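Read off the chains here:
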Amino acid sequence: LVVAYLLNPGRRDYDTSDWSALAASLSKEKKLLKIYEDIELPLMPVLLTMKERGIKLDLPSLASLSKRLGKRVAELTKQIHKEAKMEFNIASPIQLREVLFEKLHISTDNIKKTGKTKALSTGADQLEKLRGLHPIIDLIFEYREITKLKSTYVDSLPELVGTDGRIHTTYNQTISAHGRLSSVNPNLHSSPIKSDLGSEVRQAFIADAGKVLLYLDYSQVDVRIPASLYIARTSGRERVG
């Protein structure tokens, strides 16, 4: 599968039935063969070890966070209903649209229409245009953030923990066209970082006693390296083969 991926990255499925043809194609591409032998092949057992070892999760902290978030969701629900002067399903785009634009008469200037019905959108990018027009908008944004954190991470991650107290995600070599790794079941690469609450979720990933868990951001290193090599080559300081 890795061979087929190197020959045509970015696809979502690969035909690996004719292995001899794939091997022959890879051999013709000497640069790809070197990448396969020196990088991708040695990486496989490393990723397997990472999966088997997993990462430890602080279950008590997530349980505590879940309770706090649940309490805040209940408070926000009451506040939103109070601003709307009625009870409705906040998670329903149809009901939310009726409340915002028909009952509260919030301006629809520059709000896009979506779908076959050409209904006014209540997506985050469109609601952002309504900031400051009514107190209910900020409440809805907070409600959405907290409910997503709670359902997607805080309540879901503990269900994926093994008997050893660790999450064993699967790392993929052959998904992204740019060569970066991805992970599934669960996708740990999408852990939230943009808010204080999101940081609390990340802090639930912990190291064993006597160990340290590091978070490193290489800041688009896959783009910077070839850019640096290109600059070096064109400036005559280094020959890149």
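In what follows, the structure referred to is the one given above.
Definitions and cut-offs
Residues numbered from 1 in each chain as written. Predicted model: local features only at pLDDT ≥ 70, side-chain atom pairs only at ≥ 80, totals over all residues. Heavy atoms only, no water. Axes fitted to C-alpha atoms, helices over the stretch in contact; angles between N-to-C directions. Helix = DSSP H or I, 4+ residues; strand = E, 2+ residues; numbered from the N terminus. Parallel < 35°, antiparallel > 145°, perpendicular 65-115°, else oblique. Left-handed = near helix turned anticlockwise from the far one by under 90°. Contact = heavy atoms within 4.5 Å. Nonpolar A, V, L, I, M, F, W, Y, C, P; charged D, E, K, R; others polar. Core = buried A, V, L, I, M, F, W, Y, C linked by side-chain atoms within 4.5 Å. Buried < 20%, exposed > 50% of the residue type's maximum accessible area, 1.4 Å probe, protein only. Salt bridge = Lys/Arg side-chain N within 4 Å of Asp/Glu carboxyl O. Phe/Tyr/Trp six-rings, centres within 6.5 Å; stacked < 30°, edge-to-face > 60°. Lys NZ or Arg CZ within 6 Å of the ring centre and 35° of its normal.

Q: Would you take a moment to explain the packing of helix α5 (residues 93–103) against helix α7 (residues 135–154) for this structure?
A: When two helices pack together, their arrangement is given by the angle between the helix axes and by the axis-to-axis distance. At a closest axis distance of 12 Å, the pairing of α5 and α7 adopts a crossing angle of 160°. When the axes of α5 and α7 are compared, the pair comes out roughly antiparallel. Seen from above, α5 lies across α7 with left-handed handedness. Counting all contacts with α5, which are made through Leu96, Val99 and Leu100, the residues of α7 involved are Ile136, Ile137, Ile140 and Arg144. Along the lines of polarity and charge, the residues of the contact of α5 with α7 split into 6 nonpolar, no polar and 1 charged.

Q: Mind showing me how you'd approach the nonpolar core here?
A: Generally speaking, nonpolar side chains in soluble globular proteins are found buried as a group. Grouped together as the largest cluster of nonpolar side chains are 38 residues, with contacts concentrated most on Leu57, Ile80, Leu100, Ile136 and Leu157. Among the elements of the structure, β1 (55–57), α4 (59–84), α5 and α7 are those that each provide at least two residues to this core. The biggest single contributor to this core is α7, with 10 residues. Apart from the residues within four sequence positions on either side, Ile80 is in contact with Phe88, Ile90, Ile136, Leu139, Ile140 and Tyr143.

Q: Is there a simple way to think about the pattern of salt bridges in this case?
A: A side chain with one charge may pair with a side chain of the opposite charge, provided their charged atoms come close. Overall, the coordinates contain 8 salt bridges when judged by the stated rule. For Lys150, the salt bridge is made with Asp155, and the minimal N-O distance between the two is 2.7 Å. For Arg166, the salt bridge identified is with Asp208, shortest N-O distance 3.2 Å. Highlighted residues: Arg166 in strand β4 (residues 166–167) and Asp208 in the loop between β7 (205–206) and α9 (221–234), separated in sequence by 42 residues. In this structure Arg166 comes out as buried when scored by relative accessible area, which is 15%. Given a relative accessible area of 33%, Asp208 falls into the partly exposed group. Overlapping salt bridges, with partners in common, bring together Lys56, Arg166 and Asp208 in one network.

Q: Would you mind showing me how to read the environment of Ile137 here?
A: Take Ile137: it is sitting in helix α7. Look at Ile137 and you get buried, because its relative accessible area is 0%. Remark: the alpha-carbon pair of Ile137 and Leu127, spanning 10 residues in sequence, is separated by 7.1 Å. Aside from chain neighbours lying at most four places away, what touches Ile137 is Leu100, Ile106, Leu127, Leu130 and Arg131.

Q: Sorry, what's going on with the packing of aromatic side chains here?
A: Centre-to-centre distance and the angle between the planes together describe a pair of aromatic rings. Taken as a whole, this structure holds 0 aromatic pairs when the rule is applied. Positioned over the ring face of Phe141 is Arg131, at 3.9 Å from the centre of the ring.

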